Amino acid sequence: MVVNEKVKLAITVASLVAATILLAAEYRRRRRRKQTSSPSSCYLHSDMKPQFGFKRVLADNSYSGFKHLKKKKLEDGGEKPSNSHPYESEITVLLESPRLDEFEFLRGEYSLEMSGSYVWVETESELKKLAETLAKEKVFAVDTEQHSLRSFLGFTALIQISTQEEDFLVDTIALHDVMSILRPVFSNPDICKVFHGADNDVIWLQRDFHIYVVNMFDTAKACEVLAKPQRSLAYLLESVCGVSTNKLLQREDWRQRPLSEEMVRYARTDAHYLLYIADSMTAELKQLGIEDSSSTDDKFSFLLEASRRSNMICLQLYTKETEDFPGNAAASSLIYRHLNGHEDNSSISLDPKFQELVRELCAWRDLMARIHDESTRYVLSDQAVIALASNQPTTPEQIHDSISQADSASESAVITSHLDDVHQLTQHKLGKLDVILPLVLDKCLGTEGTCPISVFNYSLLINFNTKLTTNRSTPKRRNNLKRFTRKTSRDLFVKKFSCKAPVYHNCRIYANDGRLLCYCDRRKLEWYMSRGLAKLVEEDPLAIMLLFEPKGRPEDEGNDFYIQSKKNICVGCGEGDHYLRYRIIPSCYRVHFPEHLKSHRSHDIVLLCVDCHEVAHAAAERYKKEVAKEFGIPLFVRRVLDSVECESSAGGDSEDAGVSPLHLRTAAMALLRHGNRMPSSRREELLQTVKMYYGGREISEEDLEKALLIGMSPHERRKLERKKGVTVSVKQENSNNGSVEEHSEEAPPGGDMNGESSVVGDDSGGDGAPELNDTQCNGNILHQQNSKLSLLGHGPHGKQVVEYLLKEYGEDGVRDFCQRWRKVFVDALHPRHLPGGWDVTHSGRRDFGEFSVYNPTKKVSTG
Ligand code: AMP
Ligand code: ZN
Ligand code: MN
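Residues numbered from 1 in each chain as written. Chains lettered and ligands numbered in written order. Predicted model: local features only at pLDDT ≥ 70, side-chain atom pairs only at ≥ 80, totals over all residues. Heavy atoms only, no water.

Going by the annotation in an unreviewed UniProt entry, the name recorded for the protein is HRDC domain-containing protein, with Brassica campestris given as the source organism.

A. Quick peek at helix 16 (residues 396–406). Every buried residue of helix 16 is listed here: I399, S402 and I403. Along the axis of helix 16, the buried residues cluster in a sector spanning 90°; they form a single face. Projecting away from the buried face of helix 16 at angles above 90 degrees are the exposed residues E397 and Q405. (Buried < 20%, exposed > 50% of the residue type's maximum accessible area, 1.4 Å probe, protein only. Helix = DSSP H or I, 4+ residues; strand = E, 2+ residues; numbered from the N terminus. Arc of directions from axis to C-beta.)

B. Main features of the coordination of the zinc ion (ligand 2). Here the zinc ion (ligand 2) is held by C42 (SG), H372 (NE2), H418 (NE2) and C451 (SG), and the distances to it run 2.0 to 2.2 Å. Given four donor atoms and angles of 99 to 118° at the metal, the environment of the zinc ion (ligand 2) is assigned as tetrahedral. Every donor residue of the zinc ion (ligand 2) comes from the same chain, spaced as C-x329-H-x45-H-x32-C. On the criterion of sequence distance, the pair formed by H372 in helix 13 (residues 352–372) and H418 in the loop between helix 17 (413–417) and helix 18 (419–426) is long-range, its members being 46 residues apart. (Donors = N, O, S within 2.8 Å, 3.2 Å for Na, K, Ca; no water. Tetrahedral: all angles 85-135°; square planar, octahedral: opposite > 155°, others 65-115°.)

C. A look at unusual backbone geometry. The linkage connecting R257 with the following residue, P258, adopts the cis geometry, with an omega of -10°. Its location among the elements puts P258 in the loop between helix 7 (233–241) and helix 8 (261–272). With a phi close to 55°, H428 is a non-glycine residue in the positive phi region.

D. Structural detail: the site of ligand 1. Residues in contact with ligand 1, as listed here, are D143, T144, E145, Q146, W204, K247, Q250, R251, W254, Y266 and D270. A distance of 2.7 Å separates an oxygen atom of ligand 1 from a polar atom in the side chain of E145. Here an oxygen atom of ligand 1 sits 2.7 Å away from a polar atom, N or O, in the side chain of Q250. The protein chains hide 67% of the 480 Å² of surface that ligand 1 would expose on its own. (Near = heavy atom within 4 Å. Polar contact = N/O pair within 3.5 Å; in protein donor to acceptor, adjacent residues only side chain to side chain. Areas by Shrake-Rupley, 256 points an atom, 1.4 Å probe, with all protein chains shown as cover.)

E. Examining the sheet that holds strand 2 (residues 139–147) more closely. Strand order in the open sheet formed by six strands is 1-4-3-2-5-6, and the pairing between neighbours is mixed. Each having just a single partner strand, strand 1 (119–121) and strand 6 (216–218) make up the two edges of the open sheet. Pairs of neighbouring strands in the sheet enclose a mean axial angle of 25°, with direction left out of account. The sheet contact formed by strand 2 and strand 3 (residues 155–162) spans seven bridges and is antiparallel. Note on strand 3: the bridge partner recorded for D143 is Q160. Against the sheet, helix 5 (residues 199–209) makes contact with strand 2, strand 3, strand 5 (192–195) and strand 6, and its axis sits at roughly 120° relative to strand 3, the strand it touches most. (Pairing = 2+ DSSP bridges. Axes fitted to C-alpha atoms, helices over the stretch in contact; angles between N-to-C directions. Contact = heavy atoms within 4.5 Å.)

F. Just the coordination of the manganese ion (ligand 3), in detail. In the first shell of the manganese ion (ligand 3), the protein supplies D143 (OD), E145 (OE) and D270 (OD), at 1.9 to 2.1 Å from the metal. Look at where the donors of the manganese ion (ligand 3) fall in the sequence and you get D-x1-E-x124-D. Of the two residues, D143 sits in strand 2 while D270 sits in helix 8, which places them 127 residues apart along the sequence. For the residue pair D143 and D270, the accessibility class agrees, reading buried in each case.

G. Spatial organisation of the packing of helix 6 (residues 219–226) against helix 9 (residues 274–292). Taken N-terminus to C-terminus, the directions of helix 6 and helix 9 make an angle of 25°; their axes are 10 Å apart at the nearest point. The pairing of helix 6 with helix 9 is recorded here as roughly parallel in orientation. As helix 6 packs across helix 9, the resulting crossing turns out to be left-handed. Residues T219, A222, C223, V225 and L226 of helix 6 form the contact with helix 9, whose participating residues are L274, I277, A278, M281, E284, L285 and L288. Class assignment for the residues of the contact of helix 6 with helix 9 results in ten nonpolar, one polar and one charged. (Parallel < 35°, antiparallel > 145°, perpendicular 65-115°, else oblique. Left-handed = near helix turned anticlockwise from the far one by under 90°. Nonpolar A, V, L, I, M, F, W, Y, C, P; charged D, E, K, R; others polar.)

H. Structural context of the nonpolar core. Counting 48 residues, the largest nonpolar core has V358, W364, I371, L380, V440 and L445 as the members making the most contacts within it. Counting residues in hydrophobic clusters, the runner-up holds 35 residues, among them Y87, V170, L182 and I313. (Core = buried A, V, L, I, M, F, W, Y, C linked by side-chain atoms within 4.5 Å.)

I. Representation of the packing of aromatic side chains within the structure. A full pass over the atoms with the stated rule returns 17 aromatic pairs. Taken together, a centroid distance of 5.5 Å and an interplanar angle of 85° make the contact between F631 and Y804 edge-to-face. With a gap of 173 residues between them, F631 in helix 26 (residues 610–631) and Y804 in helix 33 (residues 795–829) connect regions that are remote in the sequence. According to the relative accessible area criterion, F631 is buried, its value standing at 15%. An aromatic cluster of three or more residues is present, and its members are Y589, Y623, F631, Y804, F817 and W821. It is R150 that lies over the ring of Y378; its NZ or CZ is 4.1 Å from the centre. (Phe/Tyr/Trp six-rings, centres within 6.5 Å; stacked < 30°, edge-to-face > 60°. Lys NZ or Arg CZ within 6 Å of the ring centre and 35° of its normal.)

J. Fine view of the sheet that holds strand 10 (residues 543–546). Here we have four strands laid out as an open sheet, ordered 8-7-10-9, and mixed in their pairing. A single partner strand is all that each edge strand has here, and the edge strands are strand 8 (516–520) and strand 9 (534–538). Neighbouring strand axes in the sheet, compared pairwise and without regard to direction, differ in orientation by 25° on average. Bridge count for strand 7 (residues 507–510) against strand 10 is three bridges, and the pairing is parallel. For Y510, the partnering residue across the bridge sits in strand 10 and is M545. In this fold helix 22 (residues 522–530) packs onto strand 7, strand 8, strand 9 and strand 10, with an angle of close to 40° to the strand it touches most, strand 7.

K. Structural view of helix 8. Between its first and last C-alpha atoms helix 8 spans 16 Å; for twelve residues at 1.5 Å apiece the expected length is 16 Å, and the two agree. Burial analysis of helix 8 places nine of its twelve residues in the buried class, which makes it a mostly covered element. Its buried side turned inward, helix 8 meets strand 2, strand 3, strand 4 (167–170), helix 7 and helix 9. (Expected span 1.5 Å × (residues − 1).)

L. Spotlight on the confidence of the model for the protein. Per-residue pLDDT for the protein has a mean of 76; in total, 70% of the residues score no lower than 70. Below pLDDT 50 for its whole length, residues 854–863 participates in 17 contacts with residues either more than four positions away or in separate chains. (pLDDT = per-residue confidence, 0-100.)

M. Focus on the packing of helix 13 against helix 18. At their nearest, the axes of helix 13 and helix 18 sit 10 Å apart, and the two run at 160° to each other. Taken together, helix 13 and helix 18 sit at an angle that is classed as roughly antiparallel. Where helix 13 crosses over helix 18, the handedness of that crossing is right-handed. Side by side, helix 13 and helix 18 meet where L357, E360, L361, W364 and M368 of the first sit next to D421, V422, L425 and T426 of the second. Looking at side-chain class alone, the contact of helix 13 with helix 18 contains six nonpolar, one polar and two charged residues.

N. Highlighting the side chain of N311. Secondary-structure assignment places N311 in helix 10 (residues 301–314). Separated by 3.5 Å, the side chain of N311 and the backbone nitrogen of N215 make a polar contact. Among all residues touching N311, those that are not within four sequence positions of it are I91, L94, L95, N215 and M216.

Right, here's the structure in full:
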């Protein structure tokens, strides 16, 4: 964005906000008065759009700019400008010394024909497998399809990838949140990606997935260099491969599932033949070079030119369009086109009311499209805007008529459910242009808003609220708004993390003598059934009977708990609308338990609503500190001091004696980088932090470098060691302040430090519903996505505590420890809805027979 525009936009936003504060209250007053007439309800409450399943979006519908991927580590240790291309240097290298002549697009035998089979990729594990396959290739072909009508910015609905052997269709709707798995192969300069006309694809991949293409061959660019009569893919398919394709299908609704046979064929065709076409065109380019050149030096010149032009495309960056006032660009062009189209420059077009209404309708349409995640053309077509501005209808019926006459498509759901607004706009009852937007925003998403809040529109609201705090609003109003933002955060949090389906299916397993063994989820039943170890005895609710003799019976072991049916409600307060899993024994300890003690999980994982979750979590965090004190094992990593050092160091073993690894690393990094340039007081402060870690002794440069490694995952550490020298930039603490965009950076797959994310498959589960780990608590909702934090968690502390317990007291020590946690939980929450049989002194002694799902040796086969 040009600076100038930025300023303008900032001023616009600021004044909008000021106006809002004054008008929101006024609006509410008015609304309260007329509420009896028609409490409008938004269509989105019943219209489920596929993108509402996305857990995070990189490009949301707010008016703020797009944030590109930031590569964490830079060679020179410096920060890159915030919105530059993360792979600029890699692409520049390719531009300066193209490597296209290294790549062969086809090898060995190749059959041009498209086989009957293809691979549909829709699960995370399938996607990982695809990434592994692609990592082994030297070249692959890519095309994407996007959907744009029912989305404000559009989204990628399908990615087609073809290798010489296979065609893959990647369901990017189902896999939206995990598409980062493909980032490495796309940015790998050793793999050449073949596209046709990649300009849009490159931008869409950045916008939706932070995927950046490095090393590309674009067959459309080859067409340019070869001066082919046409440059379309259809032409190349026809002339090079003798294949025809129906390009009309590109306008299909690519969200639909399953795709029709015809769409599958079309999608595959767009990628399948590209390797063959690239092969044939590079041959032509080389041939042309040889014919055209006198020296052998430039016989590759045409090929290199095609490569250079291709990689230039990769340098393009996605940006969100900005304008000085919402809808302004569209309004101006509409007015201009309308005036030019009218021979007689009719009185209507010159009417200032007409122009004003066009601007108002365009602004309203822009904001409504953002709020509901629809395209502006879906909300209200250009023709309909002109019709409304010309006719200036006065009744709802006249509005319907104007729109339906102008539009070939039927009136959008946005209009139907928000007709009130249009009515007031055409009657000029909403006020002037500059107050319309804040009013509408408040009406839709405000405290008594009519429309659902989503990841697409949440930051519209946030931006609007943070600006308020800098404004001259009264403290009371500010507090109201803050409370409101907190509430919406909570709602979003509930939506994001609460279980999507009932956790307990309450299916039953009987022994072959008809005695009830346990209640469990459907997946567990299916596990036994699919292996022929059980037979179905009841359909609804499902029940099976084991065909083998189970080892022990619950009653015999005093484990009544397992034969209780469990309710899908918060065990704290009984709330049944939403719930999340809560682990009574914190993961940092439990992951280190011996396997057989870990396996009886359903007892110690309960359902809690967000509020009870927060209470329980806070109590657990407090108790962790007590454990740390009692065992003398600090919560954060600290170098193990030898006893001499320990005694000579000032402090005792208080809980604070440890230094958090993040503080330590930040301090060490700053000292190494700017040590001699920083003010001495600051330097002293940082030195204290590092010294505390080393037990108070003087420290050397080497100590500082070692300190950088503390709290890193083995992976990070290896990477740093490979580099040697101090070139690692440490992620700044607190860089996150809660805006939705801030957590768009994806966490690395699987935090390996304390293994929390590796805990899978407990016996209460089965719906794949998310759980929160220790760092994901309600208090700090919005930046909890980054499981990086868990690298800095209490993993090492937990490990030491459990090791100590096992050494000193054996397994009984672990059992006692569990009981203490159950007591902490009960004391904090006084849960009133714990299932019958739940018991603080639950033994956890449960043996697993040869055929049990929980038999550790069987684990592998359950996946
Ligand atoms: P293609 O790779 O040619 O199939 O086009 C990729 C995507 O671009 C399609 O999924 C459409 O979303 C979009 N697109 C391309 N051309 C058009 C068009 N003429 N009209 C509408 N959408 C188009
Ligand atoms: Zn709405
Ligand atoms: Mn296509």
